[in-house]
Amino acid sequence: MDLSQLADDILRHINNREALIQRLETLHREASHSRGNRVQRLLYGIHNASLAVVEAIEAWNVSKQEDWYRRRNLARHIESHAHEPSNADESCPYNAFIWNEESYLKKMIYDLDFVRDIPEAINLFGSERIFHRNPFLLPYCIDEIVGETEHSSATPWKDVNLHRVCKASFLILLDEFHINRDTTDMLPLAAAKFLPPSINTQELSALHVMSYPPAAAVVALCCGHLILDTVEADVTNKLIFLTKSIMLKIFRHPLVDFVEKAKSFNPLRNVDNSLIKIVAPFVMHDTLKPELQNNMPEQIVYLLIWLRVLVSRSINQCEIGNTSKSANKIILELESDHQRHSSQFKGCMSSTKETCAVHDERDKENAFINVSVQTEVFPDENDADAADSSANFEVSAMGALEKFLDDKRSPLAQQNPFPVEVTVNITEGSRIVVVNGVEKAVNKLQRGDTIRIYDAHESSDWKLSNDPTLSDETISFCLTEVYDHSKIIAQEKRSKANTLNRLCYPYKKDTVDEGGNRAPGVISTANEDAFRHVASDKTQSTHSPLHIRQARIWKLIPSDEDNRPQWRREYDNGDIPWVDEYIGSSKCERHFRVSVPLEVTEQDCRDWPYLLDDEQYIHRQRLHYFEHVPLSDVIDEAFRAVCRWHPKGTLVDNVKWAKLSRKMQFLPNVKNSQHEIDMAFVRHNRDRKLDQQRFHAIFEDIASIQHPSMPTRDALTKVIWSSIVMLPDVNAMMWRESKEMAIHEEAVRVCAQIRIAAFVRKILQFARYKDAKLSAITIAKNVRRFLSRRFVAKIFKALKDDEQYQQRVKCAIVVQQEWRRFFWRNLFLHHQERVRAERRKQILITHAKLKEERERKLATLVYRDVIRIDATLAVVTIHLQDDAQLRDDASMQLIVYVPTTKRTFFFKLAENDVRECLEKALSSEGKLSWDEMLSERALKELPKRLILRLVRNQPIFIFSRRHLVEKGILVDKRLVRADGDIFILSTFRSPHEFVFNAYQPSKRLHMRTKLKLPKLIEWIHDAMGDEDNQQDDSQLSILHPKRQPDLLEWLIKRVLIRKNSLDDKMMILMQFEAEEERVLKLVIKVQAQWRRLRSFRHAKQETLHQYEKIFDRENQIYAYRNMLTDQRQKDKPKLLGEDDLENPVDEWRKEETFDAETGQTVCYYANYATGQSSWLSEEEAARLVQRRYRSKHESDLIGKKISFADVVKAMQFIKGARMKYEQDPTKLSNIVNYAMLTHCLDLNFDAARPIYEQAVKLSPNHPLISRVYAIFLLASRQAPHNATFKTACQLLHDADIADRNQTMIRSAAEIYFRWAVLVDARNSLTLLNYALLHQCVYKNYDHAEKLYRAALALDPINELVVENYRLFCYERYPCGAYESSGPPYSVVARSNVVETRLDWAEWSKMIDPLCPRKGFEVFWYNRFTKETRFTTPDWKLNWEKRLKRSKWIDGKTTAQSEFYDERTKSSFFYNTYTQEYSSKLIA
């Protein structure tokens, strides 16, 4: 369950209990006679509520501790990979649940004391004194429950679980113990109930070496070892019950692990219940009560107290069972042995002088036996002096006994050579051995130890005659005999000559070639003299002594004390050869942009003779990586090795498996092990053979059988490392792989070291340069300041007394102000006058145009009148239009304006129509002249032809043309079709001309043309031919009146009706007119072509000089610019033809243009090669971009700009904070505000620290104080850093619980943190504080990273910023304090893509080569949403999203449909039956 849910459960139970207590108090104050049952029910409810509260707090505390253990294990795992020392003594912290600024468990001890005043409660329990320290309302207090006092099970409540109450009481007392331990000095006796005592190994050494120790000591130390889990797993896994021999064996265990485990013991962690049941009969024995142990050391007494409390609260007394009888028997035997032998040692005092005089070993042994039978001597228990003397004698006698037994130990016991972490120098024939090493390592050697020198196998056994001594800074010791190296030389010769020896001892295979180079073999550190001075007589074997330098040394220890695995023994004995594989090779490894040759790295990683701790090795050793070889690789190699056994094959049959099991001795501690091995083969074989996968499975099965209580992985590791790693092929593979891993790790370390050294040199050089630069700038600034101040002071001194100068300056200032006011006002007035003049000019021009237009209209006006037609008033105006340039004759325009509808009607009257109309209206006999037609009397007749029609109640005027006919006789009238329409063609003939009138019914349009008779004759001549200018009567006979129909047909065929090319209106004309028009057009076209050609040539030259090529950035094409008009066009000027302009030069040019608004010429800058233009020069643009970028960058980091009102408010608040703190430095609000002011604005961390501590002391749980103090702790990086970080995280967590909406810190964040950045944005510390605010409070990790990077850009060597950013990046990974679902986007930029698939769509698997935490290098990245994840994406959800946004293309089959994903530009298939997705079509 989540911690927040557990905390909610606690609060719910607390509220329930507090409500019951409040009701009980209210009921107590009431004067009711029937409240007895109610009081009893409330007391019972409080009893159950108290138990629920304690159990909820215990669950919460256990959950927090589990989280702490998880983080601690992860940190240790990371530190082990980083080779950093970890704090092994670190113990799990206790967490008190704070309610109303007080531990609630502590409050429960005394909050029910008022019950003693309730008579009903006293009657129920029988006494008023039992309510003190009694939160569970039982007949006994919590001290009696947890202590040794016996109590009855009789309670006023029916269903009381005493074991449950005992556990709850222990938790309350544990909380009280932790609170009092921090405030007062606790007695060891009080602390022993909760924590194991601190064991002093020197004080208990006397008991630890006794052959027959007292029963209390044996039980205390043995059970302590079992409870603290310092015994081997093989012992505890098989342990069912304790025997006397097992207890003595466990009692002999070293106390080092016991002391370490006792320091880190956690009382809240559950101990194995099976172990509790095993040790309970011994710990709870009546004879082992702490008050009965008079002669025992205090540490044993405290240990018994702790064990008894632990057992009593873990199980019920009834669960001890029948094992108490066996425990009673064992304890009595141990105690009787101790009493009997202690009496023997006391009796030995009287016979010591007699036995000491005997020198013979047999006499010594007989004397000792004779003494041991004296059992009647015992000191008086009441005599303290006698007891002390007996105790002292017991220690000395036990020492003598141990020494005697060591001297008589059998020399046939098997001993193993154990390497000592030093080398020695020795000369053949000498007994003195000089040590090369530290004194700490030599302390393992003592007088009487047996050692081997130079070779672990072939060397003789040498005994030390004395302890190693230090003299003149040289450590040395002596052998009992002189050193002889001849045996090793003889053995080497025999090994080289004896074939069987070379096979039996592969570690002796190294030889020396003729050049003196040692062939690959075991590492050897000893150096022999190159030459020996041999006597002149060849038969004489005497030679000068051999000097041996840097020889290894082994100490012989009993095989049962040697806990090293077999592979480690072989390595320590020098049996594992080292092979140089990269000698002469040019291979390199490259990391961090640094390459190192593998040949050098291999030599650095050679086996080092000193077996030091892992942290003390300079270079990586293959020994360190032997156990890091993957188990799967070891099992695979074992499978291949077994397959290579005779007969070779690819599978393992039952014969090879039986051979392997016999050789490896699987399941040595399992009853009927061979049967279990055979059954494992039966379960996993296939056709009585094992493949590689089944080979893996059978090993997992064997591991689970051999170690059933361990996890499968751990059990398999233990089995593999104790068995098949010693197969020759597997062992060789593992040493080869461990060597490669060591070389690779060493290469990475060397490359990182080189890179770090370069970076450090860079930082130091940059710091020195920065310091020198700042020094030079400071010196120059101070010099300039000094000179300027000196110069200004000199001037001021001269002008100070000049009163007239001061008046003149004041007058000048006034005059300048007035002049500027006058100048700008005059300029403004001129501007206004210029604007008014321009406006008047425009008005005059407009008036002139209107006047001209009006005069032109008045000049054409010939008649104007107002008429009324059918009660409709209309204004009639007639204009004469004399279009001399047009081909038509003069015409008149009749305009009718209707005021009621505000509509105007226009009628255009041709000259013939006007003339005919006026001639008919005036009854003129002849033609009227223009003067007559323009007379007022004549023009009045034209409006009379207007006709009024009402269309939709709107007056419409029509000009009637009735009775207007052409002159002459209508000779023909027919329908003709022209231009897709039907026309009525009427032909009139007069004596002088032919008139053709065409009417278009669809558009009610009249068209007219005429043909003069002379033109007709000329036309006929041209059409029918003219020879010798003589007219042929036969040819002109068509003009005869009798042939008029033929003439009409001939003319009508040559009448054309078509659209006018000028105004797109229909027109009628003769064929010869059309021909003349065509010829005229051809002539005009030819002339235009010539002029075009000539102008094109000229324009092309002008274009080449007038245009230039520019680049259009918007369309990414080249365009063309007119240098005169500054006009631009995309297409190339047509005048250039196939030629083109040269590409523009990439340069910025200054251009000028006219601004129509201001009427001035302005300058701008353009680069026509790139298509860029700007009002700024390059330098001005660069400055503007820099300024805009800085502004944008600051706005992204800080947010929106603060208003002036907020500035005033912040300044007033800051000023008030200083003044209020000076006035009253004890008020909490003043302290907090002044602490944040000193921290954020003054950046004085040293001054802010005591102020923050004072505020925290006054109010430790206030959310604002907790948050700002946590930010201060992280920013100041107080030591120790790990503890500081944990404290800050705890403060922030508590603040989040109390103030989830962050309302209390909003104003402080704006006034202090954000205001500090606004005031001094170039300071890295202000950005650090603001980054920590977003990191710890707002949880906006991306914005915090931006602020961190900005701070590092300002000051990359600031240790506070660098360390906080490193910690921030480190904790953003899983299991960190700032855990994110994936790495930040900055990590994506430096990462590489590992794998992409079509099924993954936009997701890619990436790897971070610079990941600070092992195991999180690989992550997933979505290239569209920019999302990162450490876990695999939800592919089902991803396919569903793709299906929603994709477009269906086609159904390939009845089940599968193809979809197209527009985002990824790819297709995929969806099976509607199986609901499966795939990127490929599945058949």
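Above this note sits the structure.
Residues numbered from 1 in each chain as written. Predicted model: local features only at pLDDT ≥ 70, side-chain atom pairs only at ≥ 80, totals over all residues. Heavy atoms only, no water.

1. Let's talk about the nonpolar core
Core analysis: the largest hydrophobic core is formed by 110 residues, its most contacted members being Leu24, Leu43, Val115, Phe136, Phe282 and Ile300. Among residues more than four places away in sequence, those in contact with Leu24 are Val39, Leu42, Leu43, Ile46, Phe114, Val115 and Ile118. Ranked by size, the runner-up nonpolar core spans 59 residues in total, among them Met1236, Leu1237, Ile1311 and Ala1316. (Core = buried A, V, L, I, M, F, W, Y, C linked by side-chain atoms within 4.5 Å. Buried < 20%, exposed > 50% of the residue type's maximum accessible area, 1.4 Å probe, protein only. Contact = heavy atoms within 4.5 Å.)

2. Looking at a nonpolar patch on the surface
There is a patch of nonpolar side chains on the surface, built from Trp819, Phe822, Phe823, Trp824 and Leu827 and spanning about 590 Å² of accessible area. Take Trp819: it is sitting in helix 30 (residues 803-860). (Patch = residues over 30% accessible without salt bridge, like charges linked within 9 Å, V, L, I, M, F, W, Y side chains within 5 Å. Areas by Shrake-Rupley, 256 points an atom, 1.4 Å probe, with all protein chains shown as cover. Salt bridge = Lys/Arg side-chain N within 4 Å of Asp/Glu carboxyl O. Helix = DSSP H or I, 4+ residues; strand = E, 2+ residues; numbered from the N terminus.)

3. Examining the packing of aromatic side chains
The geometry of two aromatic rings is summed up by the distance between their centres and the angle between their planes. Taken as a whole and judged by the stated rule, the model has 41 aromatic pairs. An aromatic cluster is built from Phe1285, Tyr1341, Tyr1348, Tyr1365, Phe1368 and Tyr1378, whose rings are joined through pairwise contacts. Above the ring of Tyr1118, the side-chain terminus of Lys1109 is found at 5.3 Å from the ring centroid. When the ring centre of Tyr1370 is taken as reference, the NZ or CZ atom of Arg1413 above it lies at 4.7 Å. (Phe/Tyr/Trp six-rings, centres within 6.5 Å; stacked < 30°, edge-to-face > 60°. Lys NZ or Arg CZ within 6 Å of the ring centre and 35° of its normal.)

4. Regarding the sheet that holds strand 30 (residues 1172-1174)
Spatially, the three strands line up as an open sheet ordered 28-29-30, and their pairing is antiparallel. Of all strands in the sheet, those bounded by a partner on one side alone are strand 28 (1149-1155) and strand 30. Looking at each pair of strands side by side, their axes are set apart by 35 degrees on average, direction ignored. Judged from the three bridges that link them, strand 29 (residues 1160-1167) and strand 30 form a sheet pairing that is antiparallel. Across the sheet, residue Tyr1165 finds its bridge partner in strand 30, namely Ser1174. (Pairing = 2+ DSSP bridges. Axes fitted to C-alpha atoms, helices over the stretch in contact; angles between N-to-C directions.)

5. Notes on empty space enclosed by the protein
Tallied over the full model, the rule gives two cavities of 30 Å³ or more. Considered as a void within the structure, the second largest cavity measures approximately 50 Å³ in volume. Taken together, Leu1273, Leu1274, Arg1277, Gln1278, His1281, Thr1284, Phe1285 and Leu1367 make up the lining of the second largest cavity. If one sorts the elements of the lining of the second largest cavity by residue count, helix 43 (residues 1281-1298) sits on top with three residues. Grouping the constituent residues of the lining of the second largest cavity by class yields four nonpolar, three polar and one charged. (1 Å grid on protein atoms, 1.4 Å probe; cavity = no way out; pocket = protein on both sides within 12 Å on 5 of 7 lines; lining within 4 Å. Points joined across faces, edges and corners; volume = space filled by probe spheres on them. Nonpolar A, V, L, I, M, F, W, Y, C, P; charged D, E, K, R; others polar.)

6. With respect to the pattern of salt bridges
A full pass over the atoms with the stated rule returns 55 salt bridges. One salt bridge connects Asp449 with Lys555, and the closest N-O pair in it is separated by 3.4 Å. Placement of the pair is Asp449 in the loop between helix 19 (439-442) and strand 3 (450-453) and Lys555 in strand 8 (residues 547-558), with a sequence separation of 106 residues. What makes Asp449 buried here is its relative accessible area of 15%. The partner of Asp607 in a salt bridge is Arg622, with the nearest N and O atoms 2.6 Å apart. Residue Asp607 is found in the loop between helix 23 (598-604) and helix 24 (631-643), and its partner Arg622 is found in the loop between helix 23 and helix 24; the two are separated by 15 residues along the sequence.

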